[in-house]
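Structural overview for review
The primary structure of each chain is shown beneath.
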Amino acid sequence: MKHKIILLILLALTIISFCIKASAQLSIEDAITKRKQLSAERSKIDKIVDQEYNYNLNQFIDSMKIDDSHKGEFETSKEFEERMGIVNKIKIKAKEQFDDRNKRYFENKREKLKKEIDDRNLEILNADYEVILSCELRPYDADAETFSIVIKYLPLNFKATENTIVPRNEAKILKEKFIEAVCKGVFQFNSLGMALLGYAE
């Protein structure tokens with residue numbers, strides 16, 4: 001019974017591991033969309049953390065029961081100004097106390113959230129994306145003994161021409177087989193967008 005339970009646990013872990021790997025592999029289109037989403041999420045982090053900081057700061061100040069109400073009906077202007085002057089000093093002191101206790105927490109949270117997104121983005125950047133390419137074989141140049149292959153990947157508006165040296169005694173066979181060939185390419189992100197690392201037929 002004990003061995004059966006261990007076996008079931010190992011099987012469950014294997015399935016979970018497989019699911020994680022399968023879900024982690026994005027298509028090239030999904031990877032581009034995901035990068036845009038991550039960029040949008042990252043740009044909102046400062047605002048989100050600042051909102052949380054301000055909310056907690058205001059909660060802390062409110063807990064001090066400071067009388068910062070509007071000028072009372074029976075309060076002179078001088079009395080109101082003096083009261084507000086004291087209120088402002090108390091709020092400044094309260095903010096200093098709050099920052100002493102919590103500023104590092106919010107700074108760490110901001111950095112942690114950004115790092116999480118940067119790490120996810122880096123995974124996408126470093127991944128290879130295999131795609132099916134459209135490859136067109138141009139007429140053989142017998143003088144130069146070369147075939148020109150036009151490589152396209154429409155979702156990225158990618159187009160390139162590759163000149164391949166093929167001896168004349170092999171050219172006809174290659175052209176016949178090329179009709180049935182499936183062109184596969186591997187793309188990766190670079191500073192300009194996407195780059196084709198290589199392809200095979």
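Since we're looking at a predicted model, the values are computed, not measured.

On to the side chain of Lys 114. Tracing the backbone shows Lys 114 in helix H3 (residues 77-126). At 3.2 Å, the side chain of Lys 114 forms a polar contact with the side chain of Asp 46. Not counting the four nearest positions on each side in its chain, Lys 114 is found in contact with Arg 42, Ile 45 and Asp 46.

Looking now at the confidence of the model for the protein. For the protein, the average pLDDT comes to 83, and 85% of its residues sit at 70 or higher. Counted against residues more than four places away or in other chains, residues 1-24, with its pLDDT under 50, gives 0 contacts.

Judged by nonpolar contacts, the single largest core of 33 residues is most densely connected at Ile 28, Tyr 129, Leu 133, Cys 135, Tyr 153 and Phe 187. Looking at this core, the elements with two or more residues in it are helix H2 (28-62), H3, strand E1 (129-137), strand E2 (146-153), helix H4 (168-178) and strand E4 (183-190). For this core, the leading source of residues is H2, giving 9 residues. With residues up to four places along the chain from it excluded, the contact list for Tyr 129 reads Gln 25, Leu 26, Ser 27, Ile 28, Ala 31, Ile 124, Gly 185, Val 186, Phe 187, Phe 189 and Met 194.

Quick look at the state of the cysteines now. Scanning the entire structure with this criterion turns up 1 disulfide. Covalently, Cys 135 is tied to Cys 183 through a disulfide, its sulfur atoms 2.4 Å apart. One quick way to see it: the torsion about the S-S bond of Cys 135 and Cys 183 is about -135°, and its sign makes the bridge left-handed. Here Cys 135, found in strand E1, pairs with Cys 183, found in strand E4; they are 48 residues apart in sequence, far enough to count as distant. Owing to a relative accessible area of 17%, Cys 135 belongs among the buried residues under this scheme. Its relative accessible area of 5% is what places Cys 183 among the buried residues.

Another aspect to go through is the pairing of E1. Only one face of E1 is covered, namely the one carrying Tyr 129, Val 131, Leu 133, Cys 135 and Leu 137; the face carrying Glu 130, Ile 132, Ser 134 and Glu 136 has none of its residues buried. Note: E1 against E4, 5 bridges, orientation antiparallel. If you follow Tyr 129 over to E4, its bridge partner there is Phe 187. Where E1 and E2 come together, 4 bridges link them in antiparallel fashion. Among the inter-strand pairings, Glu 136 is bridged to a residue of E2, identified as Val 150.

Rules and cut-offs
- Residues numbered from 1 in each chain as written.
- Predicted model: local features only at pLDDT ≥ 70, side-chain atom pairs only at ≥ 80, totals over all residues.
- Heavy atoms only, no water.
- Helix = DSSP H or I, 4+ residues; strand = E, 2+ residues; numbered from the N terminus.
- Polar contact = N/O pair within 3.5 Å; in protein donor to acceptor, adjacent residues only side chain to side chain.
- Contact = heavy atoms within 4.5 Å.
- pLDDT = per-residue confidence, 0-100.
- Core = buried A, V, L, I, M, F, W, Y, C linked by side-chain atoms within 4.5 Å.
- Buried < 20%, exposed > 50% of the residue type's maximum accessible area, 1.4 Å probe, protein only.
- Disulfide = S-S within 2.5 Å.
- Pairing = 2+ DSSP bridges.

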